Amino acid sequence: MTDFHAELTDRLIRYAAIDSQSDEDAPAQPSTAIQLDILRLLERELTEIGAQDVQLTDYGVVLATIPATAAGPTIGLLAHVDTAPQFNATSVKPRLIKGYNGGDISFPDNPNLTLSPADFPYLAEKQGHDLITASGLTLLGADDKAGVAIIMTAARHLLENPQIPHPALRIAFTPDEEIGRGVDARLPKDLKADFAYTFDGGALGEIEYESFSADGANVKITGVSIHPGQAKGKLVNALHLAAKIINTLPANQTPENTEDRQGFIHLTDMNGSAAECALRFILRDFERDGLAAKGALLRQTCEAIAATEPTARIEVTIKPQYRNMRYWLENDMTPVELARDAARSLGIEPVSVPIRGGTDGSRLTEMGIPTPNLFTGMQNIHGPLEWVSVQDMGQATQLALTLAQKAVTP
């Protein structure tokens, strides 16, 4: 059996070195022009390996077809090319650690940074594996360029081996997943898949069909500005009101104090001055009622603070982002069971835990294409300690190939 390790290593290192961070504040589609650098590269590479119907859509998605060699449902394989805006992702320098020795990992560009198996038990399981990390000053971008590498490797293998039976596969590489804008309203129709999979998961064996439900919230605070020397009884400091809102919200509902199936209210950004200030929150819960309750709590908190300063103004805007894909997938678990069967045939025990986040699959499932999420091996995403096992990526590639073969109609 081919392990694909050399190809996966080459692909991930090449892809991760390309700047492709998304930007929530940018209205363009994709949100950043740099994402087009990797999208155009993937468009060329798909054409070179012989994929059909290759196109880069005007909404920034690369689509392609791996033609069927047997009858069966059309299956979509998706990964996103953007990297998270939460941490520096400029000038990523990926590095390969061959045959990890099981000890602490240091970083050449940040001597104070250490990746230790004592802190991350999954790392302790990977002794002897080949690991890819960044250099200490950036994230790696295995989220989700590991998924891109896995899908490209599987696609190349199937195109070079037409004797392998499989139904038609539709590939989609999306932008802006990290800011919740990866699935354009036109994508479900253009994908033309009966069901799909995102390769955007973590540990070996993860086959996920539950995600957070998510809303985004913006709070705009307009104070009363006046010269501080004449401010007695007149100045209303917008930053002070922001602090009151933050301190009034329950501390036990923040990400650092929640786990498992608990949702949260997360302040992600605060910008402004004494005159005017803006807060940005993300609201997360696995259930619709819980999500609505968090939005109501934020509104009530802002209203209570506003009531203490009637000359100020506090405006709250809440917008839906995505919903728990379980609401649709639990009605038809066919794609989940197919992936589980494929995993077990490879000696991998499938694990289904709720994703404390979301994927393009959350939106696609809601829009009519059932799309569970599959593992890639990536760990510690969105930060400088991000890493991935090449061997885990190899197993994910085998999973893609195996589920495609198992989908063939008898």
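Residues numbered from 1 in each chain as written. Predicted model: local features only at pLDDT ≥ 70, side-chain atom pairs only at ≥ 80, totals over all residues. Heavy atoms only, no water.

**Side note on the nonpolar core**
Generally speaking, soluble globular proteins have nonpolar side chains that are buried together. Keep this limit in mind: Among the buried residues, those of types Ala, Val, Leu, Ile, Met, Phe, Trp, Tyr and Cys that are joined through side-chain atoms within 4.5 Å form a nonpolar core. For each residue, the accessible area found with a 1.4 Å probe, counting protein chains only, is set against the maximum for its type, and the residue is called buried under 20%, exposed over 50%, and partly exposed in between. To qualify as a helix, a DSSP run of H or I must reach at least 4 residues; to qualify as a strand, a run of E must reach at least 2; elements of each kind are numbered from the N terminus. Working rule for contacts: check all heavy atoms of both residues, and any pair within 4.5 Å makes them a contact.
Phe173, Tyr197 and Phe199 are the most contacted members of the largest nonpolar core, which has 66 residues in total. Looking at this core, the element that brings in the most residues is helix H4 (residues 142-160), giving 10 residues. Dropping the residues within four chain positions of it, Tyr197 is found in contact with Ile75, Gly76, Leu77, Leu78, Pro335, Leu338, Ala339, Thr371, Pro372, Leu374 and Leu403. Within the second largest apolar cluster, 22 residues are counted, among which are Val219, Phe281, Ile314 and Ile318.

**Focus: the pattern of salt bridges**
The cut-off we apply is this: Any Lys or Arg side-chain nitrogen located within 4 Å of an Asp or Glu carboxyl oxygen qualifies as a salt bridge.
One pass over the structure, following the stated rule, counts 24 salt bridges. The partner of Arg156 in a salt bridge is Glu7, and the shortest N-O contact between them spans 2.4 Å. Residue Arg156 is found in helix H4, and its partner Glu7 is found in helix H1 (residues 5-16); the two are separated by 149 residues along the sequence. An identical accessibility class is assigned to Arg156 and Glu7; each is buried. The shortest N-O distance in the salt bridge between Arg11 and Glu45 comes to 3.2 Å. Here Arg11, found in helix H1, pairs with Glu45, found in helix H2 (residues 35-48); they are 34 residues apart in sequence, far enough to count as distant. Residue class for Glu45 comes out buried when judged on its relative accessible area of 9%. Residues participating in the shared-partner salt-bridge network are Glu7, Asp10, Arg11, Arg14, Glu45, Arg156 and Glu160.

**Section: the packing of H4 against helix H11 (residues 390-406)**
What counts is decided by this rule: Axis lines are fitted through C-alpha atoms, for helices just across the contact stretch, and the angle between N-to-C directions can take any value from 0 to 180 degrees. Here the angle decides the label: under 35 degrees means roughly parallel, over 145 means roughly antiparallel, 65 to 115 means roughly perpendicular, and every other value means oblique. The crossing is said to be left-handed when, going from far helix to near helix, the turn is anticlockwise and less than a right angle, and right-handed when the turn is clockwise. Here the nonpolar group is Ala, Val, Leu, Ile, Met, Phe, Trp, Tyr, Cys and Pro; Asp, Glu, Lys and Arg are the charged ones; every other residue, Gly included, is treated as polar.
The contact between H4 and H11 brings their axes to 9 Å, and the two run at 50 degrees. The orientation of H4 with respect to H11, classified from their angle, is oblique. Judged by the sense of rotation from one axis to the other, the crossing of H4 with H11 is right-handed. Taking contact as the criterion, the partners of Ala146, Ala149, Ile150, Thr153, Ala154, His157 and Leu158 in H4 are, on H11, Met393, Ala396, Thr397, Ala400 and Leu401. Looking at the contact of H4 with H11 residue by residue, the classes come out as 9 nonpolar, 3 polar and no charged.

**Observations concerning the sheet that holds strand S4 (residues 95-97)**
How we decide: Strands pair, by our definition, only if DSSP identifies at least two bridges between them.
Taken together, the 3 strands give an open sheet; going across it, the order is S4-S7-S16, and neighbouring strands pair in antiparallel fashion. Across the chains shown, the open sheet's two edge strands, defined by having one partner strand only, are S4 and strand S16 (387-389). Averaged over neighbouring strand pairs, the angle between their axes works out to 25 degrees when direction is ignored. In this structure, strand S7 (residues 131-133) lies alongside S16, joined through 3 bridges in antiparallel fashion. Residue pairing in the sheet places Ile132 in a bridge with Val388 of S16. Across the sheet, H1 touches S4, S7 and S16, and the angle it forms with S7 is around 5 degrees. Here H11 sits on the sheet in contact with S4, S7 and S16, set at roughly 60 degrees to S16.

**Topic: unusual backbone geometry**
A cis amide bond, omega -5 degrees, links Gln29 with the succeeding residue Pro30. When you line up the elements, Pro30 lands in the loop between H1 and H2. Asp143 connects to Asp144 through a cis peptide bond whose omega is 10 degrees. Inspection of the secondary structure assignment puts Asp144 in helix H4. We note that Phe4 has phi near 65 degrees; this positive angle belongs to a residue other than glycine.

**Looking at the pairing of strand S1 (residues 52-56)**
With 3 bridges connecting them, S1 and strand S2 (residues 62-66) associate as antiparallel partners. Within S2, the position partnered with Leu56 by the bridge is Val62.

**Quick notes on H1**
Rules: By this rule the span expected of a helix is its residue count minus one, scaled by 1.5 Å.
Spanning 12 residues, H1 covers 16 Å between terminal C-alpha atoms, matching the ideal 16 Å at 1.5 Å per step. Among all positions in H1, only His5, Glu7, Leu8, Thr9, Arg11, Leu12, Tyr15 and Ala16 are buried. Looking at the buried residues of H1, the elements they touch are H2, S4, S7, H4, S16 and H11.

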